Amino acid sequence: MAGQQVIVPRNFVLLEELNKGEKGIGDGSVSYGLADADDMTLTNWNGMIVGPPGSPLDGRIISLLMSCGQDYPDRPPTIRFTTRVNLACVDQRNGMVDQRVVPCLANWNRGYSLERVLLELKSQMASPQTRRLPQPPDGANF
């Protein structure tokens, strides 16, 4: 059986992500966890990004919802901001993230994680393109 790849089941991947999310990530500028601690399907997650220093969102607490469908991690999660932000990848009507615009979502592979998505969205907040966009007032929600 040499050369065969082991496919880790969805719930094992998500339990590992939950464990990592609960311990905190790096500098604390992104975090995530289950939206409902009783969610046995590990589907709905809350995410948080602290606006990057020097960006128009500097220091703001940006909240979002992440949904890991039954085909996760083979397919990317769906992401919806609950805090109103003006980013090229965010639909201004409902906060949904356009997966085609976020590189890690557009080119998803099962080795990617919720952490990677949050870090990539954080980097988009600091991009030159975002610096030119007017941002809604702090505390505005979709």
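Residues numbered from 1 in each chain as written. Predicted model: local features only at pLDDT ≥ 70, side-chain atom pairs only at ≥ 80, totals over all residues. Heavy atoms only, no water.

Draft legend 1. Molecular detail of helix α3 (residues 114-125). Over its 12 residues, α3 runs 17 Å from end to end, which matches the ideal 16 Å to within 8%, given 1.5 Å per residue. Counting buried residues along α3, 9 of its 12 residues qualify, which places the element largely inside the surrounding structure. Among the residues making up α3, those that are buried are Leu114, Glu115, Val117, Leu118, Glu120, Leu121, Lys122, Gln124 and Met125. (Helix = DSSP H or I, 4+ residues; strand = E, 2+ residues; numbered from the N terminus. Expected span 1.5 Å × (residues − 1). Buried < 20%, exposed > 50% of the residue type's maximum accessible area, 1.4 Å probe, protein only.)

Draft legend 2. Representation of the environment of Gly26. Structurally, Gly26 is set in the loop between α1 (10-23) and β1 (30-34). The spacing of Gly26 and Pro53 is 27 residues in sequence and 16 Å in space, taken between C-alpha atoms.

Draft legend 3. Local environment of the environment of Pro53. By secondary structure assignment, the location of Pro53 is in the loop between β2 (44-50) and β3 (61-67). Sequence-wise, Pro53 and Asp98 are 45 residues apart; in three dimensions their C-alpha atoms are separated by 24 Å.

Draft legend 4. How the structure looks around the packing of aromatic side chains. As enumerated under the stated definition, the model contains 3 aromatic pairs in all. Ring geometry for Tyr32 versus Trp45: centroids 6.1 Å apart, planes at 50°, classification tilted. Of this pair, Tyr32 sits in strand β1 while Trp45 sits in strand β2, and the two are 13 residues apart along the sequence. With respect to class, Tyr32 is no different from Trp45; both count as buried. With a centroid separation of 5.6 Å and 90° between ring planes, the pair formed by Trp108 and Tyr112 is classed as edge-to-face. Judged by its relative accessible area of 16%, Tyr112 falls in the buried class. The rings of Tyr72, Trp108 and Tyr112 are connected pair by pair, giving a single aromatic cluster. A cation sits over an aromatic face here: Arg116 above Tyr112, 3.8 Å from the ring centre. (Phe/Tyr/Trp six-rings, centres within 6.5 Å; stacked < 30°, edge-to-face > 60°. Lys NZ or Arg CZ within 6 Å of the ring centre and 35° of its normal.)

None of the figures reported here should be taken as evidence of function without further support.
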